[in-house]
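Chain by chain, the residues:
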Amino acid sequence: MSEEKIVSRGGIKLPVHVNRRLVRYYWDRLKKNKLSLAGLGFIVFLALLGTFGPFFAADPQHVDFDVKNLPPLGFSTQESIYDIKTSTFTTTVHPGRSDHPLGTDSKGRDMLAMLISGSRISLLVGLLATGIAISLGTFLGVLSAYLGGWADNLLMRFTDVMMTFPFFLLLVLIVFIFGPSLTIIVIVIGLTGWTGAARLIRSEALSLRTRDFITASKALGASDNRIIFNHLIPNVASLIIVMATLSIPGVIMAEAALSFIGMGDPMSTSWGTILNTGQHTLDTAWWVAVEPGIMLFLTVLSFNFFGDGLRDAFDPKATV
Amino acid sequence: MRNYIIKRLIYSIIIAWGILTITFVLLRVGPSSPVDRYILNIAARGQDVDSVKQAIEARYGLNKPITEQYFSYMGNLLQGNWGWSFSASMPVLELIGSHWIYSFQLILLATIFAIILGVGLGMLAAVKQNTKFDYAASIFSFIGISIPGFWLGLMLILVFAVYLGFFKTYYDTNYPIWSLENLKQLILPVMALGIGELAGYVRYTRSAMLDNLHKEFVTTARAKGLPESTVIGKHVLRNAILPLVTIIMFDLGSVVFGGAYLTEIVFGIPGLGQVSFNAIFADDYAVVVAVTLIGTFLVLFINLATDLFYTYLDPRIRYE
Amino acid sequence: MSAKTLLEVKDLKTWFYTRRGIVKAVNGVSFTLDEGECLCLVGESGCGKSVTALSILRLFDSPPGKIVEGKVLYEGLDLTTCPIPQLRNIRGKDIAMVFQNAQSALNPVFTIGDQIEEQINTHRMHHNGTAREKAVALLEEMKIPEAVGALKMYPHQMSGGMKQRAMIAMGLSCDPRILIADEPTTAVDVTIRAQIIYILQELKARRNMSIIFITHDLSLVREIGDRAAVVYAGKVVEIAPVEHILRKPAHPYTIGLISCLPDISTEVKRLPSIPGNTPNPMDIPSGCPFHPRCPSVMDICHTVEPEMLNISGVQTAACHLYDADIMGKR
C-alpha cells in the first residue's frame, strides 16, 4: 500500500505526495528489480563518463593518419604488401596499442575519446529533448483537460495532426530545412515528441479532476493555478517520471540515426557520427561500427530496464 | 456506418491539409531556401547574383505575395504536380513511381515476418507464463526493442556478408522483384527492420493474451470440451487481437516508415528512403517534401483502415 | 426408490498454491449424484462450492490450483486422473456447465449461434439435422423468441435473461447427462430467475437429466432441489433431502442458515445472522472449522475434526453433537 502522508488543512485532508517516506518506499520497491538497478547503474556510469570523461580523454576530433585503423587492445590486424621488386608479400601484423585501447578509425581518431564524447552528446540530447517534450506535453495535457470544451477539442485535434506525421521523416525534413546542429535537433525532437505525453496526461488529469480532493480544494476556494500546480501535477508526477525515462531511449536512437545518415551536428562527435564512418570500413576496421553500437544498445537497454522497473515500482497494483 | 466513414474521410482531409500547411510554412520560414543554395553556386562562378536570383524567383513565383504562393502550392499538389526533381531530371511523381516498389517489398516482408513470429512467440510466452521460455522471450524482446535497427543491419552485414560471405554486401537491382535471388538478398534487411518490431509484438501479444487468458469465457470454452488449441487460438486470440491491431497499425505508421528509411540506406536498397536521402544531399527539395507527404498520407490511410477493420473485429464497436 | 449413481465425489481436495500461501478452497468434499436427481450445493460465498464444481471437470486454473487428494468417479472413470483427451470428450457432452455470469462467460466476439454450434460440431452431435437446426431447436426450447434471429446476435445485443438462457441452451446442446449450474440466477433479476428455475425444473422432468445446482439461496433449494449438500470452509458438513435440511437441520451451521431465512408470516425487527465471518481458506480453524462461530461448541470441537455421521437413513452431518461416544462421556 502506498503510504501517503496526510496533511490536515482547515479540517480537510489533502495528500502530500513528495515526502521522504514515499521516496524511500518507491526506492525499496525499485531495489527488488535487479535488471532495473543494473540499468540505473549503467546510466550513472554513463553520466559520469559524459560529464568528466572529456577532461581526461584525448581530443575526439584529432586526426592522425599514422595510427589509422588500429584495432582495440587484444586484437590485431594483418596488412599484406606486395613488393614488385622481389615479387613477395610482406605481411605486417598491427596489434592493438595501449595508447589507443579501443582502437582508432580510418582517420586515426581515438575510439575511446570519440565514445566518451558520444556518451556526453547522447545523454545531453536525450535529457534536453525529453525535458522539452515532456514539459510541453504535461502542460498541454493538463491545460487541455482543465479547460475542456472547444479548447480541449482543438488541442487534441492538433495532437492528432502531430501524431500522424511519420516522426523520423519529419525530423529529417526539418533538419534538412534548418541545417544540422545539436540545438536544432534537440528543439525539433522536443517540439515533436510531446504528443504521447499530452494524451496520457490529459486522460489521467481528466480522471483526477473528478476526485474528491480536487473538489475539496475547489470548495476551499483554491485558484485554478493552485489546483493545477499543487494538485494535478504532483498527482501525475509518477506517470511523468516513467514516461520521461521511457522516452529517452527513443530520442537517443533518433539522434544517433540522424547522425548516422550524415545529418548530425558536424561540430561534435556522437555515436551516430562514428557509426557513419564505421559503416564504410566494415571489412577493414569492424570495431569502428561495433563499439558505438554496443554503447548505444546498452544505453537504450538500460533506460528501458530502468523505466520498466520504475513503472512497476510506482504501480500499486504490480507485485515487485 | 457510412456516415462514420464520410466523417472520417473529411477528418483525414482536414489533417492532410493541416500537414500540407505546416510543410509550406516550414519551407518558407527555413533560414535557407534552395534558391539561396543555388545562388551560392552561381556566386562561386562569378555571375551576377541578384539578377539570377530575381529570375529564379520570378520563374517559380517566389516574388508573389505569400498567400498566392500558398494557394498555388496547394493547387499544384492537388493537381498531381509534385514538382521536378533536379537531381534525377524527371518529375517527382515519376521518380517515386519507379522506386516505391523497393520500399514496399521491404516493409511488407518485414511486417509479415514481425507479425507472424512476434504474435506466435507472444502467444507461447503467455501460455507458458513464468516458465523459462517466458523469461527467455521477455529478455529477447527487451534486447530486440533496445537494439537500434540500423546498427543491427550493419552487424548483420558484418557477420553474414563480410565474414561469412553468405550474402552480397550490397543490394543488386539487376534481379527482378519476383525472383528468388531478390528474396534472398532481402533476408538481412527484413531481419534488421523486422526484429525491433517483432520484439515489440512479442511483448504486446503476451500481455494482451494474459489479459484474456483468465477470463470466464475461456473456462466456458474449456467446459464445452474444446481442444486447447481452439481455446487459445480462437477464443483467447480473437479477443487479444483487438488491442494488438491498433498497436501494430500505429507502429507501421510511425516506426516502420522511419526504420525502413534507415534500413534502405544501410543496405543500399533504392527505395523511397534512399531516394529522399540522396535528394537531401543534392538539395533536391521537391523530392524530400514529396516523400514526407506520401509517408504522412499513408499513415492517415492506415489509421482510417484500422478503425474500419476494428469494427469488423469487435462487434461491440459501432461508430456513429 | 434407489436410482443409479451417476457421479461420486470422494474426499476431494483442491488447493491453490499462491504466493501468499496455500488456499484450501476445497478441503474434503464428498457427495453422490443419482440419475435424474437435482443436488444443491449450498453455502456462503467463498465456501468452495464453485471450485468444487470446477474441480469435477478440472476447469480451475492450474497452476496454481491442484487436486491434491480425492476422486471424482463418473460411471467408474476417475475424472481427476484420466487423460485430458478423454476428459475433453466428457466436458460439454456428458457433463455440461452453466456459469453464473452469462455476460462474461460468453465470448463477446462470437455470435450466440457460433458458440452453440461450435460445441455441437466439436462433439459431432448433429446426427439428426445440422448443428444450426439443433441450435434453433435449443433456443426455442429455452423460450427465446425468434430463435433464428437470435443465433446471429452477439452477447452484448441480448438482454441479461436471454444471455443466461442462451448459456443454458449451450450447456444442453449435446444432451448431457449431468448439468452443473453454478449460481445461474445470481446475476439476473427476479422475474428472469423464476423463468430459469422453471426451465430447469422442466428439463429435469423431461430429459431425466441430473443437475448439480450451486447456490447460496436456500429459497431456490426449496424450489428445485431433491437433496442438498451444505458446504462450509471447503467441506460438506451436511447432506440430506431438501425437506430434512429445511425442516429439521442437524448441523449447527445449517440450523444457523435456516434461521437466517426471512419468514414473511412473522414480523421481525432485525434479520438474524450467524455471528463471525467465514474462515479464511488459507487459515482454516483446527478441529471443526465451524467451531469459532458455533453456538453449541464443545472442547473437543477445537481439536478433533468431526466425521460425517449418519443421523437418519438419508441424512448425514459432520458434527460431534451426533457422536454417541462423545456425547455419552459428557
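Residues numbered from 1 in each chain as written. Chains lettered and ligands numbered in written order. Predicted model: local features only at pLDDT ≥ 70, side-chain atom pairs only at ≥ 80, totals over all residues. Heavy atoms only, no water.

Engineer: Hey, could you go over the interface of chain B and chain A for me, with residue numbers and the actual values?
Structural biologist: Contact with chain B, which involves 48 residues of that partner, is made by 40 residues of chain A. In this assembly, chain B packs against chain A so that about 4000 Å² is buried in total across both faces, 82% of it on carbon and sulfur atoms. In terms of surface lost to chain A, no three residues of chain B exceed Phe142(B), Phe150(B) and Trp151(B), which account for 14% of the buried area on that side. Linking chain B with chain A are 1 salt bridge. (Contact = heavy atoms within 4.5 Å. Buried area = accessible area lost by both parts, 1.4 Å probe. Salt bridge = Lys/Arg side-chain N within 4 Å of Asp/Glu carboxyl O.)

Engineer: Summarise the confidence of the model for chain B; cite the residues concerned and give the values.
Structural biologist: Interpreting fine coordinate detail is not advised for predicted regions of low pLDDT. Counting all residues, the mean pLDDT for chain B is 84, and 92% of those residues have values of 70 or more. Two numbers describe this predicted complex: its pTM, 0.81, and its ipTM, 0.85. (pLDDT = per-residue confidence, 0-100.)

Engineer: Please give an account of the sheet that holds strand 5 (residues 77-78) of chain C that cites residues and values.
Structural biologist: All names here are of chain C. Across the sheet, 4 strands lie side by side as 2-1-4-5; this open sheet has antiparallel pairing. Because the sheet does not close on itself, it has two edges, and the strands there are strand 2 (21-34) and strand 5. Strand direction decides the pairing type here: strand 1 (residues 5-18) and strand 4 (residues 65-74), joined by 8 bridges, are antiparallel. When the bridges of strand 4 are listed, Glu-8 appears paired with Leu-73. Contacting strand 1, strand 2 and strand 4, helix 1 (residues 49-56) runs over the sheet at an angle of about 70° to strand 2. (Pairing = 2+ DSSP bridges. Helix = DSSP H or I, 4+ residues; strand = E, 2+ residues; numbered from the N terminus. Axes fitted to C-alpha atoms, helices over the stretch in contact; angles between N-to-C directions.)

Engineer: Go over the environment of Gly118(A), please, and point to the residues and values.
Structural biologist: Residue and element names in this part refer to chain A. Position of Gly-118 among the secondary structure elements: in helix 3 (residues 111-147). For Gly-118, a relative accessible area of 0% gives the class buried. On a C-alpha basis, the gap between Gly-118 and Pro-292 in space is 8.1 Å, while along the polypeptide they are 174 residues apart. Setting aside residues up to four positions removed in sequence, Gly-118 forms contacts with Thr-269, Ser-270 and Trp-271. (Buried < 20%, exposed > 50% of the residue type's maximum accessible area, 1.4 Å probe, protein only.)

Engineer: Outline the packing of helix 11 (residues 271-278) of chain A against helix 12 (residues 286-314) of chain A, supporting the account with residue identities and numerical values.
Structural biologist: Residue and element names in this part refer to chain A. Across the interface, helix 11 lies against helix 12 with an axial gap of 8 Å and an inter-helix angle of 150°. Put simply, helix 11 runs roughly antiparallel to helix 12. Crossing handedness for the pair helix 11 and helix 12: left-handed. Listed contacts from helix 12 to Trp-271, Ile-274, Leu-275, Thr-277 and Gly-278 of helix 11 are Val-288, Ala-289, Pro-292, Gly-293, Met-295, Leu-296 and Thr-299. (Parallel < 35°, antiparallel > 145°, perpendicular 65-115°, else oblique. Left-handed = near helix turned anticlockwise from the far one by under 90°.)

Engineer: Let's hear about the domain arrangement of chain B: which residues, and what values?
Structural biologist: Residue and element names in this part refer to chain B. Entries for chain B in the domain assignment read domain 1 (2-89) and domain 2 (93-313). Put simply, the middle of domain 1 and the middle of domain 2, counted by C-alpha atoms, are 34 Å apart. Buried surface at the junction of domain 1 and domain 2, summed over both partners, amounts to about 1900 Å²; 74% is from carbon and sulfur atoms. Elements supplying a minimum of two residues to the side of domain 1 that touches domain 2: helix 1 (2-29), helix 2 (34-44), helix 4 (66-78) and strand 1 (84-85). Ranked by the residues each element gives to the side of domain 1 that touches domain 2, the list is headed by helix 1, at 11 residues. Considering only residue class, the side of domain 1 that touches domain 2 consists of 15 nonpolar, 8 polar and 2 charged. (Domains from an automatic or database assignment. Nonpolar A, V, L, I, M, F, W, Y, C, P; charged D, E, K, R; others polar.)

Engineer: Let's hear about the pairing of strand 1 of chain C: which residues, and what values?
Structural biologist: All names here are of chain C. For strand 1 and strand 2, the ladder comprises 11 bridges, and the chain directions are antiparallel. Counterpart to Val-9 in the pairing with strand 2 is Phe-31. Between strand 1 and strand 2, which pair antiparallel and follow one another directly, the connecting turn spans 2 residues.

Engineer: Account for the nonpolar core, with residues named and values stated.
Structural biologist: Counting residues in each nonpolar core, the largest one holds 123 residues, and the members touching the most others are Phe168(A), Ile261(A), Phe150(B) and Tyr261(B). The biggest single contributor to this core is helix 12 of chain A, with 14 residues. Dropping the residues within four chain positions of it, Tyr261(B) is found in contact with Phe168(A), Leu169(A), Val172(A), Ile261(A), Gly273(B), Ser276(B), Phe277(B) and Ile280(B). Among the nonpolar cores identified, the runner-up in size contains 103 residues, and Leu87(C), Met170(C), Ala229(C) and Val230(C) belong to it. (Core = buried A, V, L, I, M, F, W, Y, C linked by side-chain atoms within 4.5 Å.)

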